[in-house]
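For reference, the chains in residue letters:
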Amino acid sequence: TTVYLNGDFIPAEQAKISPMDRGFLFGDGIYEVIPSYSGRFVGFAPHIDRMHSGLGQLSIDPQLSHEKWQHIAEQLVADNKAELGDNLGVYFQVSRGTDTKRGHAFPTNVAPTVFGFVFAIPPEPVADKAKATIYNVVTGQDLRWQRCNIKSTSLLGNVLHYQQGAEQGAQEILLFDKQGNLTEGAAVNVFVIKDGVIATPPLSTKLLPGITRQILLAILAKHSDIEVQERDISEAEVLAADEIWITSSSKEIAPVLTVNNNPVGDGQVGDVWLAAQQLFSSHKF
Ligand code: PDD
């Protein structure tokens, strides 16, 4: 496996980062995951925009342009596709860099650590009810911090919530804030469908602005007449939904068939999902 580290493409075994790196000591960094199918990226520009936005909020500047990021991604795919195949997630991480003093304040004159690698992801999801990867989820109170719009490498809150679901036999967990409104899942955004209307929580500091979410909303607005609402969604609405979907870069739009072991709607993959995944598959590149 070839990885990118601070300007060089090198074998993974040779990639070394100091244990004094603030990414390791503080989780002081931003990451991004971009899907690539046979060398075609989904949402490359919005993914880089989101990463730059997160880095800006942390005052970290790796001084890399969209073109440079694209070059790194393309090189990583080219160098690894023989070993890892055509379906790849490009992972980028930028931390504040290495500083031996371990002060909480931002150190000055420290170069950010820029890391990239690719890993195999499942094949492109297809708009076919029989072939959809289906999910069983549970619900829980969102116990993460109040800046979930930042794609921070400090993923402990998400990891613990994901594990909380896994220990109940679920493959995701739908989270609700103190007011009882849906935020997102441990690693996905959430859509709820009732009587043919699609709803998803509005962007706020309580959830990650998912790129799959963003692309899906744009495609639905441009290519369909289906009504879409960005609004608060209560737990009661989630439990009474006809369909629930979870979205992320590697899953695209995935149907949820049970919540807390109860069927969603009729317990089958839904017609609105089929229409949405069809549109997404046709227009995502
Ligand atoms: N997960 N919400 C959270 C908390 C996420 O971690 C992710 C992505 C999403 C969906 O965002 P996008 O559509 O941009 O992938 C929502 C990444 C891929 C992860 O597994 O770390």
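Parameters at a glance
Residues numbered from 1 in each chain as written. Predicted model: local features only at pLDDT ≥ 70, side-chain atom pairs only at ≥ 80, totals over all residues. Helix = DSSP H or I, 4+ residues; strand = E, 2+ residues; numbered from the N terminus. Rg over C-alpha atoms; globule rule 2.2 N^0.38 Å. Buried ≥ 20, exposed ≤ 12 C-beta atoms within 10 Å, placed from the backbone. Contact = placed C-beta atoms within 7 Å. Pairing = 2+ DSSP bridges. Axes fitted to C-alpha atoms, helices over the stretch in contact; angles between N-to-C directions. Domains from an automatic or database assignment. Nonpolar A, V, L, I, M, F, W, Y, C, P; charged D, E, K, R; others polar. Parallel < 35°, antiparallel > 145°, perpendicular 65-115°, else oblique. Near = placed C-beta within 6 Å. Core = buried A, V, L, I, M, F, W, Y, C linked by C-beta atoms within 7 Å. pLDDT = per-residue confidence, 0-100.

**Points about the overall build of the protein chain**
Moving on, step 1. Looking only at helices and strands, the protein chain features seven helices and 15 strands.
Moving on, step 2. A globule of 285 residues ought to have a C-alpha radius of gyration of about 19 Å, and the protein chain, at 19 Å, matches this closely.
Moving on, step 3. Considering only C-alpha atoms, the protein chain reaches an extent of 55 × 40 × 35 Å along its principal axes.
Moving on, step 4. Per-residue burial over the protein chain gives 38% buried out of 285 residues.
Moving on, step 5. Across the protein chain, every contact between residues at least 6 apart in sequence was considered, and the portion connecting residues at least 24 apart equals 71%.

**A few points about the sheet that holds strand 4 (residues 40-41)**
Moving on, step 1. Spatially, 2-1-6-5-3-4 is the arrangement adopted by the six strands of the open sheet, whose pairing is antiparallel. Of all strands in the sheet, those bounded by a partner on one side alone are strand 2 (8-11) and strand 4.
Moving on, step 2. Here strand 1 (residues 2-5) pairs with strand 6 (residues 113-120) via two bridges, running antiparallel. From the neighbouring strand, Y4 faces strand 6, where its bridge partner is G116.
Moving on, step 3. Strand contacts of helix 2 (residues 44-57): strand 3 (29-37), strand 4 and strand 5 (87-95), with the helix running at about 175° to strand 3, the strand carrying the most contacts.
Moving on, step 4. Running over the sheet, helix 3 (residues 66-84) touches strand 1, strand 2, strand 3, strand 4, strand 5 and strand 6 and is turned about 35° from strand 6.

**What to know about the domain arrangement of the protein chain**
Moving on, step 1. Split into domains, the protein chain comes out as domain 1 (2-120) and domain 2 (129-283).
Moving on, step 2. The C-alpha-based centres of domain 1 and domain 2 are spaced at 27 Å.
Moving on, step 3. Considering every element that reaches the side of domain 1 that touches domain 2, the biggest residue donor is strand 3, with seven residues.
Moving on, step 4. Here the side of domain 1 that touches domain 2 is composed, by residue class, of seven nonpolar, 10 polar and two charged.

**Describing the pairing of strand 2**
Moving on, step 1. Two strands pair when backbone bridges link them, and strand 1 and strand 2 are joined in this way by four bridges, in the antiparallel orientation. Looking across to strand 2, one finds that Y4 is bridged to F9.
Moving on, step 2. What sits between the antiparallel neighbours strand 1 and strand 2 is a turn of two residues, in which N6 has the positive phi angle 45°.

**Side note on the packing of helix 5 (residues 211-223) against helix 7 (residues 271-283)**
Moving on, step 1. Their axes nearest at 10 Å, the elements helix 5 and helix 7 cross at an angle of 100°. Judged on the interaxial angle alone, helix 7 and helix 5 are roughly perpendicular. Contacts between helix 5 and helix 7 involve L216, I219, L220 and H223 from the former and A276, L279, F280 and H283 from the latter.
Moving on, step 2. Here the residues of the contact of helix 5 with helix 7 are counted per class, giving six nonpolar, two polar and no charged.

**Notes on the environment of A199**
Moving on, step 1. Residue position: A199 is located in strand 11 (residues 197-200).
Moving on, step 2. Here the alpha-carbon distance between A199 and Q229, two residues 30 residues apart in the chain, equals 4.6 Å.
Moving on, step 3. Not counting the four nearest positions on each side in its chain, A199 is found in contact with V192, Q229, R231 and I233.

**Focus on the site of the ligand**
Moving on, step 1. As a matter of local geometry, the ligand sits amid 14 residues, with L208, G210, I211, T212 and S249 nearest to it.
Moving on, step 2. Counting residues per element, the shell around the ligand draws most heavily on helix 5, at three residues.
Moving on, step 3. Here the shell around the ligand is composed, by residue class, of five nonpolar, seven polar and two charged.

**Some remarks on the pairing of strand 5**
Moving on, step 1. Relative to strand 5, strand 3 runs antiparallel, the two sharing nine bridges. Across the sheet, the residue bridging to S36 is L88, located in strand 5.

**Notes on the nonpolar core**
Moving on, step 1. Within the largest apolar cluster, 36 residues are counted, with the highest numbers of intra-cluster contacts made by L174, V190, V192, V238, I244, W245 and V256.
Moving on, step 2. Setting aside residues up to four positions removed in sequence, W245 forms contacts with F191, I253, A254, P255, V256 and W273.
Moving on, step 3. If you look at the next biggest cluster of nonpolar residues, it comprises 21 residues, including V3, W69, V94 and V114.

**Remarks on the confidence of the model for the protein chain**
Moving on, step 1. When the pLDDT values of the protein chain are averaged, the result is 98; 100% of them are 70 or greater.
Moving on, step 2. Here the complex is predicted with pTM 0.98, and the ipTM for its interfaces comes to 0.98.

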